[in-house]
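# Per-entry structural report
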Amino acid sequence: MPLSSAEIASALATIVGADAVVSDTAKMGAYLNEPRKRFHKTAAAVVTPPSVEALQAVVRWANENHVGLIPQGGNTGLVGAQVPLFGTEVIVSLARLDRIRSIDTAAGVMTAEAGVILENAHRAAEAEGAMFPLWLASQGSARIGGVLSSNAGGVNVLAYGNARELTMGVEAVLADGRLYQGLNALKKDNTGYDLKDLLVGAEGTLGIITAATLKIFPLPEDHETALVNVASPEAALDVFQLMRQRLSSRLNAFELIPHIGLDFQLRHGMLDADPTASPSPWYALIEVTRMAGTEPGALQSALEATFEKSLISDAVIAESLADRTRMWAFREQMSECQSKEGASIKHDVSVPIAAVPALISEGSAAAERLSPGIRPVPFGHMGDGNIHFNFSQPAGADPKAFMSQYDEALHEVIYDVVLKLGGSVSAEHGIGQLKTDLLKQVKDPVALEMMRAIKTALDPNGILNPGKMLGFEPS
Ligand SMILES: Cc1cc2nc3c(=O)[nH]c(=O)nc-3n(C[C@H](O)[C@H](O)[C@H](O)COP(=O)(O)OP(=O)(O)OC[C@H]3O[C@@H](n4cnc5c(N)ncnc54)[C@H](O)[C@@H]3O)c2cc1C
């Protein structure tokens, strides 16, 4: 007989203290309301353990009583992985484990607890003259445990890699309450399976991360940033290749933005001034890091080479921090500006970089055939082959009717194109509860069997983030 919510809350209060348990539905709002506003189940309770030991006690109890636990960081995930699927789970907020345990700039390692807000990790590294380069629009709320568990990417993946590549080791509570102490900081360690790589990107289905050793880098002296006019995604790809040849790992961002995004943002007063040099069908936001002791001007000279080859028609280089901030705001507001234009249907997909132009042209054409007048708004991390392939409803259409008629159908059409081009249906946001069925359809069956076997071995009672990602629980 499953425990009632009241019994669960009361047992948790005995373990961690009543002040660490929220059971009043109204007070759970901050933990339940997620950014996509798609998932609306309640939870049995929210628990905020004050220490690793308290968390271990909670997990041990949940395992013995078959109570589902959902680890939660900043609740900014975009696939519903951090909120309930059944309504009977307990949300385990890591917010109180928020210490930076150590920073060693000589070794290039920072040890941060799971509840550290990403922006605070940036500040802590900067205070020591170093940089933690994982940069997301949600960094003011997202926490290290959530960022690692969703293997987040962001705008610096090109130069520094995604969360997995930035993690050297993790400490995590396993489903039976044991603590996996994997906080190593070794560049080389060939002693068997890489368990860290299993836990990173597991969306809380294999363990609850309590801390991680993260790679930090020397703080750049400066950034050189430009918004460049390109005629097409094909031209943007040529510019990207040339930038890579000239700038190598100093190229830390190459983001593609369509003109319609500028229209939306100017129309809705989201920019204090037009950050672009002149009108263009597409823009590329390009950024280069400049390290201490190097001369400025690398981006400018690389851009001159692209002008000579007629790959770009115009460009503006940021001359001040305000210019840079405005250019990045233009990029970061791409998702939000769509919400002011009615309903939108979104796809976080990736393809091999050379296939980005085909993805955009074939996907846009297929969407137009399905829903005449639909407005494609593809943007994002061109340098990673990761496009946020979003579509706004036709101007003036009824948002509800548009969504009910086209949401599912458009996903099918776009994922068909993505798969045909050898891509992935989830580039950086993960699977959660949004794409569980899709994963079953598109993932290699042998890979799915291996994933289920791992889940069964590490969480035989299926208490960790039940139903998420695999849509499968060991029985
Ligand atoms: C405005 C905005 C912009 C974004 N931009 C990007 C982007 O550019 N690139 C990108 O990759 N993502 C982006 N995201 C989504 C991104 O995945 C999240 O913002 C972030 O990585 C999640 O961190 P969080 O602390 O909010 O995790 P949550 O949302 O709380 O949780 C996410 C997942 O991690 C699990 N989890 C949380 N903490 C732990 C833990 N300690 N141990 C085990 N599992 C845990 C949860 O169960 C869930 O499965 C964006 C989101 C928003 C709202």
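None of the values given here were measured: they were computed from a predicted structure.

### Some remarks on the overall build of the protein
Within the protein one finds 16 helices and 19 strands. Taking the principal axes of its C-alpha atoms as reference, the protein extends roughly 70 × 55 × 45 Å. Put simply, the protein has 475 residues, and 54% of those count as buried. Excluding contacts between residues fewer than 6 apart, the proportion of contacts in the protein whose partners are at least 24 apart in sequence is 72%.

### Thoughts on the sheet that holds strand β10 (residues 208-215)
Within a sheet, neighbouring strands are paired by backbone hydrogen bonds and run either parallel or antiparallel to one another. Spatially, five strands are ordered β5-β6-β10-β8-β9 in an open sheet, and the strand pairing comes out antiparallel. This sheet does not close on itself; its edge strands, each paired only once, are β5 (100-104) and β9 (179-182). The mean angle between the axes of side-by-side strands here comes to 15 degrees, regardless of whether they run parallel or antiparallel. By the bridge criterion, four bridges tie β5 to strand β6 (residues 109-113) in an arrangement that is antiparallel. Considered in β6, the bridge of I100 is made with A112. Contacting β5, β8 (167-173), β9 and β10, helix α3 (residues 52-65) runs over the sheet at an angle of about 55 degrees to β8. Helix α4 (residues 118-127) contacts β5 and β6 of the sheet and is inclined by roughly 40 degrees relative to β5.

### Some points on the nonpolar core
Within the largest apolar cluster, 50 residues are counted, with the highest numbers of intra-cluster contacts made by M243, F254, I286 and L359. Within the residue set of this core, elements represented by two or more residues are β12 (222-230), α8 (233-247), β13 (251-258), β14 (282-290), α10 (298-308), α13 (356-370), β19 (386-392) and α14 (399-420). With eight residues, the top contributor of residues to this core is α8. Here I286 is in contact with E224, T225, A226, V228, V239, M243, L251, A253, F254, L299 and L303, once residues within four sequence places are set aside.

### Focus on the domain arrangement of the protein
On domain assignment, one finds that the protein holds domain 1 (5-95), domain 2 (100-218) and domain 3 (222-335). Distance between the C-alpha centres of domain 2 and domain 3: 29 Å. Tallying the contact residues gives eight residues for domain 2 and 13 residues for domain 3. Summing both sides of the interface, domain 2 and domain 3 together bury roughly 880 Å²; the carbon and sulfur share of this comes to 62%. If you sort the residues of domain 2 by the area they bury against domain 3, W135, V155 and L158 come out on top, with a joint share of 58%. For the interface between domain 2 and domain 3, the tally reads zero salt bridges. Taken together, domain 2 and domain 3 are joined by one residue pair in polar contact (both at pLDDT 80 or more). Looking at the side of domain 2 that touches domain 3, the element that brings in the most residues is helix α6 (residues 157-160), giving three residues. Split into classes, the residues belonging to the side of domain 2 that touches domain 3 amount to seven nonpolar, one polar and no charged.

### Description of a nonpolar patch on the surface
A cluster of nonpolar residues, Y193, L195, L198 and L458, forms a patch on the protein surface that exposes about 420 Å² of accessible area. Along the chain, L195 falls in helix α7 (residues 195-199). Overall, L195 belongs to the partly exposed group, its relative accessible area being 39%.

### Thoughts on the UniProt feature "domain: FAD-binding PCMH-type" (unreviewed entry) in the protein
Feature annotation in UniProt places "domain: FAD-binding PCMH-type" (unreviewed entry) on residues 39-219, given in this structure's numbering. End-to-end, the C-alpha atoms of residues 39-219 are 39 Å apart, and along that stretch the chain is 22% helix and 24% strand.

### So, the pattern of salt bridges
Within the structure shown, the criterion is met by 16 salt bridges. With a closest N to O distance of 2.8 Å, E287 and R324 form a salt bridge. With a gap of 37 residues between them, E287 in strand β14 and R324 in helix α11 (residues 321-332) connect regions that are remote in the sequence. On the basis of relative accessible area, E287 is assigned to the buried category, the value being 1%. Under the relative-accessibility criterion, R324 is labelled buried at 17%. Bridged by salt links that share partners, the residues R99, R101, E113 and E171 form one connected network.

### Here's the deal with the site of the ligand
Near the ligand there are 34 residues, and of these P71, G73, G74, T76 and S138 occur at the shortest range. Between an oxygen atom of the ligand and a main-chain N or O atom of P71, the distance comes to 2.6 Å. Within the backbone of E203, a nitrogen or oxygen atom sits 3.1 Å from an oxygen atom of the ligand. The fraction of the free accessible surface of the ligand (970 Å²) that becomes covered by protein chains is 91%. Among the secondary structure elements, those contributing two or more residues to the shell around the ligand are β3 (69-72), α5 (144-149) and β10. Per-element accounting of the shell around the ligand gives the leading share, four residues, to α5. Residue composition of the shell around the ligand, grouped by class: twelve nonpolar, 19 polar and three charged. Two domains each put at least three residues into the shell around the ligand: domain 1 (5-95) and domain 2 (100-218).

Rules used in this analysis
Residues numbered from 1 in each chain as written. Predicted model: local features only at pLDDT ≥ 70, side-chain atom pairs only at ≥ 80, totals over all residues. Heavy atoms only, no water. Helix = DSSP H or I, 4+ residues; strand = E, 2+ residues; numbered from the N terminus. Buried < 20%, exposed > 50% of the residue type's maximum accessible area, 1.4 Å probe, protein only. Contact = heavy atoms within 4.5 Å. Pairing = 2+ DSSP bridges. Axes fitted to C-alpha atoms, helices over the stretch in contact; angles between N-to-C directions. Core = buried A, V, L, I, M, F, W, Y, C linked by side-chain atoms within 4.5 Å. Domains from an automatic or database assignment. Buried area = accessible area lost by both parts, 1.4 Å probe. Salt bridge = Lys/Arg side-chain N within 4 Å of Asp/Glu carboxyl O. Polar contact = N/O pair within 3.5 Å; in protein donor to acceptor, adjacent residues only side chain to side chain. Nonpolar A, V, L, I, M, F, W, Y, C, P; charged D, E, K, R; others polar. Patch = residues over 30% accessible without salt bridge, like charges linked within 9 Å, V, L, I, M, F, W, Y side chains within 5 Å. Areas by Shrake-Rupley, 256 points an atom, 1.4 Å probe, with all protein chains shown as cover. UniProt positions renumbered as here; feature names shortened; annotations may be inferred. Near = heavy atom within 4 Å.

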